[in-house]
Amino acid sequence: MRDLSAVVCSLGHLAAARDLARAGFSRERLTYAVAHGELWRPRRGTYACRHVDADLAFAAQVGGALTCVSALSRLGVWSGFDIRLHLQVATTHGRIPLTIDPRGRLPRVHWHDPRFGMASRWLATPQQALWQALHCLDLENALAALESAVHCGVVGSAEVAHFAAETPKRLIEDLPELNFGSGSGYESIVRFRLLKRGFRVQSQAYVPGLGHQDLLVEDIVGLEVDGKYFHDTEDQFALDRDRDLHAAALGRTTLRLRPAHVTRDWDLVLAAIERMVADGRRARGHRI
């Protein structure tokens, strides 16, 4: 007997009954698979393998597709801070059940027909998800998502011009400031905020022999926007401190920021950067 679960896995963990029928599986075989736990049926005409994840299964159950930040986060793309599932539902679809999603929230429903195609009936393409996110997220998170999508290789830099024609008007003014070297969404957000304050900001500022600092403000203050995941090993800790020391020898003061500093304590961060830049300028003036 053919491994029906493996076939459904190969189709993206979900499959429509008609697709399985084309693959040679009878209705009786599908009924048998469900009865014996080989498959389960989240919705009439839809079958899932045992390996389907909760988010994708929920989308299938309610008759929608994962899109926007929910689809982007699966690809490692910056997707802001909304933990709800974002579902795309066709405009011709009837009501969907008002059901709590796997994160314990009501889902965010986008009533749209796809503009950039679908990866499957239950998952938007990266381009479709990004287009939706640009319309859904606030300004700085939308721009960070666009940078992140290119940085992660989910969309190409050549596609950005096409997306520019499709983006909301509120983003257009800031599109020239995009920089696809940003290593994280937090880094992008910090850079956008500092640019808005009139600072000159360089991304990925080189420290000879020791890599790059995330941001360099006015050629005076080096910023490292640290995520614990990338900075909590002994070797990485040592490399970070070595880079800080060499940056100091170049005349740069280093300030390390945690994500909470960006989301919760930004006024304090900005005050610190302004003070450090002013002190640095005065010190350089005295040396002259």
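Computed from a predicted model, the values in this text were never measured in an experiment. (Residues numbered from 1 in each chain as written. Predicted model: local features only at pLDDT ≥ 70, side-chain atom pairs only at ≥ 80, totals over all residues. Heavy atoms only, no water.)

Okay, the overall build of the chain next. A count of helices and strands for the chain gives 14 helices and twelve strands. Taking 288 residues into account, the globule formula puts the C-alpha radius of gyration at 19 Å, and the chain, at 24 Å, lies well above it. Expressed along its principal axes, the backbone C-alpha trace of the chain runs to roughly 85 × 45 × 35 Å. Among the 288 residues that make up the chain, the fraction classed as buried is 45%. Excluding contacts between residues fewer than 6 apart, the proportion of contacts in the chain whose partners are at least 24 apart in sequence is 57%. (Helix = DSSP H or I, 4+ residues; strand = E, 2+ residues; numbered from the N terminus. Rg over C-alpha atoms; globule rule 2.2 N^0.38 Å. Buried < 20%, exposed > 50% of the residue type's maximum accessible area, 1.4 Å probe, protein only. Contact = heavy atoms within 4.5 Å.)

On to the packing of aromatic side chains. Evaluated as defined, the whole model comprises three aromatic pairs. A centroid spacing of 5.4 Å and a plane angle of 90° characterise the contact between Trp-78 and Phe-81, whose relative ring orientation is edge-to-face. Ring plane angle 70° and centroid distance 4.9 Å describe the contact between Trp-78 and Tyr-186, whose orientation is recorded as edge-to-face. With Trp-78 in the loop between helix H5 (68-73) and strand E5 (86-89) and Tyr-186 in helix H10 (residues 185-196), this pair connects stretches of sequence that are 108 residues apart. The same class applies to Trp-78 as to Tyr-186, namely buried. Members of the aromatic cluster, joined through ring pairs, are Trp-78, Phe-81 and Tyr-186. A cation over an aromatic ring shows up here: Arg-191 above the ring of Phe-192, its NZ or CZ 4.8 Å from the ring centre. (Phe/Tyr/Trp six-rings, centres within 6.5 Å; stacked < 30°, edge-to-face > 60°. Lys NZ or Arg CZ within 6 Å of the ring centre and 35° of its normal.)

A cluster of nonpolar side chains, Leu-98, Ile-100 and Leu-106, forms an exposed patch at the surface whose accessible area comes to about 340 Å². Locating Ile-100 in the fold gives a position in the loop between E5 and strand E6 (108-111). (Patch = residues over 30% accessible without salt bridge, like charges linked within 9 Å, V, L, I, M, F, W, Y side chains within 5 Å. Areas by Shrake-Rupley, 256 points an atom, 1.4 Å probe, with all protein chains shown as cover. Salt bridge = Lys/Arg side-chain N within 4 Å of Asp/Glu carboxyl O.)

Summarising the sheet, strand E9 (residues 201-206) and strand E10 (residues 212-217) pair through five bridges and their orientation is antiparallel. Counterpart to Gln-202 in the pairing with E10 is Leu-216. Hairpin connection between E9 and E10: a loop of five residues separates the two successive antiparallel strands, and Gly-209 in this loop has a positive phi of roughly 80°. (Pairing = 2+ DSSP bridges.)

Contact geometry of helix H6 (residues 126-136) with helix H7 (residues 139-151) gives a least axis separation of 8 Å together with a crossing angle of 160°. The angle between H6 and H7 places the two elements in the roughly antiparallel class. Handedness of the H6/H7 crossing: left-handed. Across the interface between the two elements, Leu-130, Ala-133 and Leu-134 from H6 touch Ala-142, Ala-145, Leu-146 and Ala-149 from H7. Tallied by class, the residues present in the contact of H6 with H7 amount to seven nonpolar, no polar and no charged. (Axes fitted to C-alpha atoms, helices over the stretch in contact; angles between N-to-C directions. Parallel < 35°, antiparallel > 145°, perpendicular 65-115°, else oblique. Left-handed = near helix turned anticlockwise from the far one by under 90°. Nonpolar A, V, L, I, M, F, W, Y, C, P; charged D, E, K, R; others polar.)

Glancing now at the packing of H7 against H10. Axis separation between H7 and H10 bottoms out at 9 Å; the angle between their running directions is 125°. Overall, the two elements H7 and H10 adopt an arrangement that is oblique. The handedness of the crossing between H7 and H10 is right-handed. Every residue of H10 that contacts H7 at Glu-140, Asn-141, Leu-143, Ala-144 and Glu-147 is listed here: Gly-185, Ser-188, Ile-189, Arg-191, Phe-192 and Arg-193. Grouping the constituent residues of the contact of H7 with H10 by class yields four nonpolar, three polar and four charged.

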